[in-house]
Amino acid sequence: MSAIEVKNVTKTFKDGDATIEALKETNFSVEKGEFVAVIGPSGSGKSTFLTIIGGLQTPTEGEVRINNQAFSGKKEKERAKLRFDEIGFILQASNLVPFLTVKKQLELVDKVAKQKVNKKGLELLEQLEVDSLENKYPEELSGGERQRVAIARALYNDPTIILADEPTASLDTEKAYEVVKILAKEAKEREKAIIMVTHDLRLVDYCDKVYLMNDGVLSEKKKQEIEKE
């Protein structure tokens, strides 16, 4: 069973009298334990594709299924619950709440989930080597530390799916590799299905599959076909 299934999905927008095809008919799937990269130029449809999978946008046509459950066709309230339970997001800017400490960021997830403190989730801080930062605020952290905290928060609820949109864009090379190695490890050791949108072609070596998005068309590429600078 695929963790993510995209079936005949398209996305169009109106721009005055013109119709823009942001995403042409797309079929795609990711299994649990797979780490997949999506590359392509700016404006090619990568972010649209990722937000449709994450339920932040609905497709114009077609269907997205999460763990064999209908997803894209659900009402927003139902979609939000499934998204919270099953999907973790890692964004380029880490998206941490600026006035909460690292520990409070995770406690906020507990509050939203109406659950007691997630001890296994808190152990992630130690695994990601940010446990010593739990009482610091985002502005006190380096770029690499913020992204590791963002990864901990994304994994905190133990979702089956991680969607990462340019998670290394603000990091130097060493920290970028560090973040991607963490994602690859999580995919394999904890059976996560992970999709990473990236401009950095050097990072695809850590991925199981690579897809190119170009003008709204998604196609699988072999690693040896990709030119890395």
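Residues numbered from 1 in each chain as written. Predicted model: local features only at pLDDT ≥ 70, side-chain atom pairs only at ≥ 80, totals over all residues. Heavy atoms only, no water.

K.L.:
Is there a simple way to think about the overall build of the protein chain in this case?
P.N.:
Along the protein chain, the regular secondary structure elements total 6 helices and 10 strands. Scaling as 2.2 N^0.38, a compact globule of 229 residues should have a C-alpha radius of gyration of about 17 Å, and the protein chain matches this with 17 Å. Projecting the C-alpha coordinates of the protein chain onto the three principal axes gives extents of approximately 50 × 45 × 40 Å. In the protein chain, which comprises 229 residues, the proportion classed as buried is 48%. When contacts within the protein chain are restricted to residue pairs at least 6 apart in sequence, long-range pairs at least 24 apart make up 69% of them. Here the protein chain has roughly 11800 Å² of accessible surface; of this, 46% comes from carbon and sulfur atoms. In the protein chain, the 36 positive side-chain charges and the 40 negative ones have mean positions that sit 5 Å from each other. (Helix = DSSP H or I, 4+ residues; strand = E, 2+ residues; numbered from the N terminus. Rg over C-alpha atoms; globule rule 2.2 N^0.38 Å. Buried < 20%, exposed > 50% of the residue type's maximum accessible area, 1.4 Å probe, protein only. Contact = heavy atoms within 4.5 Å. Areas by Shrake-Rupley, 256 points an atom, 1.4 Å probe, with all protein chains shown as cover. Lys, Arg positive; Asp, Glu negative; His and termini not counted. Charge placed at Lys NZ, Arg CZ, Asp CG, Glu CD.)

K.L.:
I'm lost on unusual backbone geometry in this one. Help?
P.N.:
Residues other than glycine seldom take positive phi values, yet Asn68 does so here, at roughly 65°. Looking at Asn68, the relative accessible area reads 42%, which means it is partly exposed. With a phi close to 55°, Glu191 is a non-glycine residue in the positive phi region. Checked against the element boundaries, Glu191 lands in the loop between helix H6 (173–189) and strand S8 (193–197). Take Glu191: its relative accessible area is 45%, and that puts it in the partly exposed class.

K.L.:
Just to check I follow, could you spell out the pattern of salt bridges for this structure?
P.N.:
Opposite charge on two side chains allows them to pair when their charged atoms are near. All chains considered together, the criterion is met by 13 salt bridges. Put simply, Lys81 and Asp85 hold a salt bridge, and the shortest N to O gap is 2.8 Å. Placement of both Lys81 and Asp85 in helix H2 (residues 76–86) is noted, with a separation of 4 residues, approximately one turn of the helix. For Lys81, a relative accessible area of 56% puts it in the exposed group. A relative accessible area of 32% places Asp85 in the partly exposed class. Note that Asp200 is salt-bridged to Arg202, the shortest N-O span being 2.8 Å. Exposure remark for Asp200: the relative accessible area of 17% places this residue in the buried category. If you follow the salt bridges from partner to partner, you end up with Asp158, Glu186, Arg190 and Lys192 in one network. (Salt bridge = Lys/Arg side-chain N within 4 Å of Asp/Glu carboxyl O.)

K.L.:
Is there a simple way to think about the sheet that holds strand S2 (residues 18–30) in this case?
P.N.:
Two modes of strand pairing occur in sheets, parallel and antiparallel, and in both the strands are linked by backbone hydrogen bonds. A sheet is described by the order of its strands in space; here 4 strands give the open sequence S2-S1-S4-S5, paired in antiparallel fashion. What marks the edges here is a single partner per strand, and that holds for S2 and strand S5 (69–70). (Pairing = 2+ DSSP bridges.)

K.L.:
It is not clear to me how the pairing of strand S1 (residues 4–15) should be interpreted in this structure. Could you clarify?
P.N.:
Side chains on a regular strand alternate between the two faces of the sheet. In the sheet, S1 pairs with S2 via 9 bridges, with the strands oriented antiparallel. Across the sheet, the residue bridging to Val6 is Phe28, located in S2. Here S1 hands over to S2 after 2 residues, with Gly16 in that stretch at a positive phi of 70°. For S1 and strand S4 (residues 61–66), the ladder comprises 5 bridges, and the chain directions are antiparallel. Bridge pairing in S4 places Ile4 opposite Ile66.

K.L.:
I tried to follow the side chain of Thr10 on my own but got confused; where do I start?
P.N.:
Mapping Thr10 onto the fold places it in strand S1. Setting aside its immediate chain neighbours within four residues, Thr10 contacts Leu23, Lys24, Glu25, Pro59, Thr60 and Glu61.

K.L.:
Would you take a moment to explain the packing of aromatic side chains for this structure?
P.N.:
Between two aromatic rings, the relevant description is the distance of the centres plus the angle of the planes. One pass over the full model with this rule turns up 3 aromatic pairs. Between Phe28 and Phe49, the ring centres sit 5.1 Å apart and the planes meet at 80°, which makes this aromatic pair edge-to-face. Taken together, the positions of Phe28 in strand S2 and Phe49 in helix H1 (residues 46–53) put the pair 21 residues apart, joining distant regions of the chain. Phe49 carries the same exposure label as Phe28, and that label is buried. The interplanar angle of 55° and the centroid separation of 6.0 Å between the aromatic rings of Tyr177 and Tyr206 together place this pair among those described as tilted. Of this pair, Tyr177 sits in helix H6 while Tyr206 is found in the loop between S8 and strand S9 (209–214), placing the two residues 29 residues apart along the sequence. Linked through ring pairs, Phe28, Phe49 and Tyr211 together constitute an aromatic cluster. (Phe/Tyr/Trp six-rings, centres within 6.5 Å; stacked < 30°, edge-to-face > 60°.)

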